[in-house]
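Spelled out from the first residue to the last, the chains are:
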Amino acid sequence: MSPSIELSPAQSSNGSSRPAAVRTITPGAEHLSRTMELLSLPHGRVQNICCIGAGYVGGPTCAVIANKNPHLKVTVVDLSQPRIDAWNSPHLPIYEPGLQEIVELARDGSADRKPNLFFSTDVDAAIAEADLVFVSVNTPTKVSGTGAGFASELSYVESAIRKIAEVATTDKIVVEKSTVPVRTADSMREILSAIGKPGVRFEVLSNPEFLAEGTAIPDLLTPDRILIGSLVNESGLSAASALANVYAGWVPRDRIITMNLWSSELAKLAANALLAQRISSINALSAICEATGADVEEIAFACGTDTRIGSKMLRASVGFGGSCFKKDILSLTYISETLHLPEVAAYWRSVVDINEYQKDRFTNRIITCLYNSLTNKKIAVLGFSYKKDTGDTRESAAISIIKNLAGERAKISIYDPKVEERQIWQDLQGYGNVSSVAGAGSVKDFVTVENNVYDACADAHAIIILTEWDEFSNKAIAKPTAAQANKPTNGHASTNPRMDWSRVADTMKRPMFVFDGRNVVDARALEELGFRVECIGKPGTNWAKERMLQAQTGKGASPV
Ligand SMILES: NC(=O)c1ccc[n+]([C@@H]2O[C@H](COP(=O)([O-])OP(=O)(O)OC[C@H]3O[C@@H](n4cnc5c(N)ncnc54)[C@H](O)[C@@H]3O)[C@@H](O)[C@H]2O)c1
Ligand SMILES: O=c1ccn([C@@H]2O[C@H](COP(=O)(O)OP(=O)(O)O[C@H]3O[C@H](CO)[C@@H](O)[C@H](O)[C@H]3O)[C@@H](O)[C@H]2O)c(=O)[nH]1
């Protein structure tokens, strides 16, 4: 197949006319010759982009692409009218620091630039006029049929591909943006060639997205890498070159990496599996810390300073959440099983198992500390999103922990600065039958949602911190380092004021407990206010007291 788009030399950032330089991380002979080939190819200029799926990935990614490439027309389409209406309104459908400004500039234009970002439900029209189509639809875990609970649900991807094939009357580059099992591009190619109109050519690329929610805008503006997988033939390389040129609008060229399609598809699952594995590893260590008097933050620091290990993704927590880690590891587990690699499947599965264990372990610690009964005790849950700076609640640890607490017949009062109340009700209703777990008539009989932290905590026996929102912390605010101060700040965190812990203390039942599932509090400072504090991977209140005593007197109990 020859290149599926018009091939013309593009302008480099210094104005010269040469193809985008790309690099490979492992300069093996094949990659090197491939890179050279790409360099020597004239590469097409994409002019019109369509993105199918206006979600957490499609919306922000295309907003940045449009923002950085004012000459391109970018149309993001979705089947959901309310979602598209929200993208076209001042109230975007997702909360992401820095997103609003980026969307508004490209969508609404300004004195010196025309609008070039559009949101629409007219899927057919947007596909028809595009030269490049991103497929950025959801790929959740299958809930029924073969592979239920593990395999990726690919029906949304397939229906998007079928739509492209049906509608296209001109050549298209089709880009897998969704996270998919390795070799999905094979099925896509087969469908496109079986249904596509005679003479219309398609080239399928893999271009997985690595943004994390809460930091999506800085992640997109300064990515560690852009990965593009293609077939290693002339048309594949030419299409890869055309896509590389879109990213070259703002990404340094040596961060645009190309490789074969299957490596690119698998690299996405591998990256998430490795990241999640680090969290399960530190969480497994946190259990040992709690049992011995070691401090998991000290362990993470000690290990993270080894440059071979590195310090990121080593924060012990109540368990990882989000729409990706669990789903992608389960997908990898399923792929391993279908490849008859049961030991490999069991290895990756254990990452998810430890995560479930961590959530249950945390609940058990709460029950034990509250004298083995939560019945009718008010528990304030601070944080419902799966991490700070996002309103997303998918797979949030809060959902499972609240279900556990409900099973103990606690009265739960929830506060989150960004999650909408209707989302909380939806998540609690949708998670099995929480109300029957609690033995109550309705979820509203034992859960309340508050819009400020003080109402949530008033009369509570315990506060449970499940999301690391800055406003829950009482730690001194660290001065930014010179490097941080110079970093582009397009992704401002939310700036709600810190909560006043002494005001909260005045209104709580005695003894008052804090269970910090994110290690955001300075336990000693809270203990001075009379709280009993239990942090993940740290000695509990008694341990802390012993340590203080030890520090003051030089004596104290041995840690074991
Ligand atoms: N959320 C993240 O942070 C993240 C990061 C990297 C990769 N990913 C991956 O990106 C993909 C998308 O994730 P997301 O979080 O944006 O999902 P999402 O659920 O927020 O958005 C997907 C959108 O696709 C739409 N859609 C589904 N089928 C469609 C069709 N046939 N035509 C038009 N629209 C259709 C849905 O209505 C929905 O709005 C997933 O594969 C995910 O694993 C997600
Ligand atoms: O040290 C850490 C880091 C994270 N987390 C938790 O892990 C989950 C995931 O966090 P994070 O990875 O920051 O957010 P995601 O938005 O889920 O992003 C992940 O999943 C995306 C979807 O595939 C990928 O694109 C990103 O690269 C990958 O980081 C959250 O619950 C975090 O609170 C921890 O418990 N400890």
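Named according to an unreviewed UniProt entry, the protein chain is UDP-glucose 6-dehydrogenase originating from Aulographum hederae CBS 113979. Under the UniProt heading Sequence similarities (unreviewed entry), the entry covering the protein chain gives this text: "Belongs to the UDP-glucose/GDP-mannose dehydrogenase family."

1. Points about the overall build of the protein chain
Check the secondary structure of the protein chain and you find 21 helices and 14 strands. In the protein chain, which comprises 560 residues, the share counted as buried stands at 53%. Sequence-distant contacts, at least 24 apart, represent 77% of the contacts inside the protein chain between residues at least 6 apart. Just so you have it, the protein chain exposes about 24400 Å², and 54% of that area is on carbon and sulfur atoms.

2. Quick look at the site of ligand 1
Looking at ligand 1, there are 24 residues lining it, with Val57, Asp78, Arg83, Thr139 and Lys327 nearest. Contact between ligand 1 and Leu79: a nitrogen atom at 3.5 Å from a main-chain N or O atom of the residue. In the model, an oxygen atom of ligand 1 is placed 2.8 Å from a nitrogen or oxygen of the Arg83 side chain. About the coverage of ligand 1: the protein hides 92% of its 830 Å² of free accessible area.

3. Focus: the pairing of strand β9 (residues 378-382)
The element β9 is extensively covered by neighbouring structure, given that five of its five residues are classed as buried. Here β9 shows two buried faces, one formed by Lys378, Ala380 and Leu382 and the other by Ile379 and Val381. Relative to strand β10 (residues 411-415), β9 runs parallel, the two sharing five bridges. Bridging from a neighbouring strand, Val381 pairs with Ile414 of β10.

4. Points about the pairing of strand β3 (residues 117-120)
Where burial is concerned, the two faces of β3 differ: the one with Leu117 and Phe119 is buried and the one with Phe118 and Ser120 is not. With four bridges joining them, strand β2 (residues 73-77) and β3 adopt parallel strand pairing. Each bridged residue has a counterpart across the sheet, and for Thr75 the counterpart in β3 is Phe118.

5. Topic: the site of ligand 2
In the region of ligand 2, 21 residues are neighbours, and Leu211, Ser317, Cys324, Tyr386 and Arg518 sit closest. Within the side chain of Arg518, an N or O atom sits 2.6 Å from an oxygen atom of ligand 2. Of all the elements in the fold, those that place two or more residues in the shell around ligand 2 are α10 (261-292) and α12 (325-338). Sort the elements by how many residues they give to the shell around ligand 2 and α10 lands first, with four residues. In terms of residue class, the shell around ligand 2 is made up of eleven nonpolar, three polar and seven charged. Two domains each donate at least three residues to the shell around ligand 2, and these are domain 1 (44-251) and domain 2 (272-490 + 497-553).

6. Some details on helix α14 (residues 397-407)
The buried fraction of α14 is high, at eight of eleven residues. Within α14 the residues assigned to the buried category are Ala397, Ala398, Ile399, Ser400, Ile401, Ile402, Leu405 and Ala406.

7. Digging into the domain arrangement of the protein chain
Domain annotation of the protein chain identifies domain 1 (44-251) and domain 2 (272-490 + 497-553). Averaged C-alpha coordinates put domain 1 and domain 2 at centres separated by 34 Å. Taken residue by residue, the interface counts 23 residues in domain 1 and 20 residues in domain 2. Three residues, Tyr95, Phe150 and Glu213, lead the burial of domain 1 against domain 2; their summed loss comes to 39% of the area buried on that side. In this assembly, domain 1 and domain 2 are joined by one salt bridge. The residue Arg394 makes a salt bridge to Glu213 at a minimum N-O spacing of 3.4 Å. Where domain 1 packs against domain 2, one counts seven residue pairs in polar contact (both at pLDDT 80 or more). Per-class residue counts for the side of domain 1 that touches domain 2 are eleven nonpolar, ten polar and two charged.

8. Remarks on the packing of α10 against helix α11 (residues 296-304)
At a closest axis distance of 9 Å, the pairing of α10 and α11 adopts a crossing angle of 130°. Classified by the angle between their axes, α10 and α11 sit oblique to one another. Handedness of the crossing formed by α10 with α11: right-handed. Here Ile282, Leu285, Ser286 and Cys289 of α10 come into contact with α11, specifically with Val296, Ile299 and Ala300. Grouping the constituent residues of the contact of α10 with α11 by class yields six nonpolar, one polar and no charged.

9. Description of the side chain of Glu471
Note on placement: Glu471 falls in the loop between β12 (462-465) and α18 (482-486). There is a polar contact of 2.7 Å between the side chain of Glu471 and the side chain of Asn496. Not counting residues up to four positions away in its chain, the partners in contact with Glu471 are Tyr415, Pro417, Asn496, Pro497, Arg498 and Met499.

10. Here's the deal with the state of the cysteines
Using the criterion set out here, one finds zero disulfides in the structure. Looking at the unpaired Cys50, the closest cysteine sulfur is the one in Cys51, lying at 6.9 Å. The class of Cys50 is buried, set by a relative accessible area of 0%. Cys535 supplies the cysteine sulfur nearest to Cys457, a cysteine that is in no disulfide, at a spacing of 16 Å. Using a relative accessible area of 0% as the deciding quantity, one classes Cys457 as buried.

Rules and cut-offs
- Residues numbered from 1 in each chain as written.
- Chains lettered and ligands numbered in written order.
- Predicted model: local features only at pLDDT ≥ 70, side-chain atom pairs only at ≥ 80, totals over all residues.
- Heavy atoms only, no water.
- UniProt positions renumbered as here; feature names shortened; annotations may be inferred.
- Helix = DSSP H or I, 4+ residues; strand = E, 2+ residues; numbered from the N terminus.
- Buried < 20%, exposed > 50% of the residue type's maximum accessible area, 1.4 Å probe, protein only.
- Contact = heavy atoms within 4.5 Å.
- Areas by Shrake-Rupley, 256 points an atom, 1.4 Å probe, with all protein chains shown as cover.
- Near = heavy atom within 4 Å.
- Polar contact = N/O pair within 3.5 Å; in protein donor to acceptor, adjacent residues only side chain to side chain.
- Pairing = 2+ DSSP bridges.
- Nonpolar A, V, L, I, M, F, W, Y, C, P; charged D, E, K, R; others polar.
- Domains from an automatic or database assignment.
- Buried area = accessible area lost by both parts, 1.4 Å probe.
- Salt bridge = Lys/Arg side-chain N within 4 Å of Asp/Glu carboxyl O.
- Axes fitted to C-alpha atoms, helices over the stretch in contact; angles between N-to-C directions.
- Parallel < 35°, antiparallel > 145°, perpendicular 65-115°, else oblique.
- Left-handed = near helix turned anticlockwise from the far one by under 90°.
- Disulfide = S-S within 2.5 Å.

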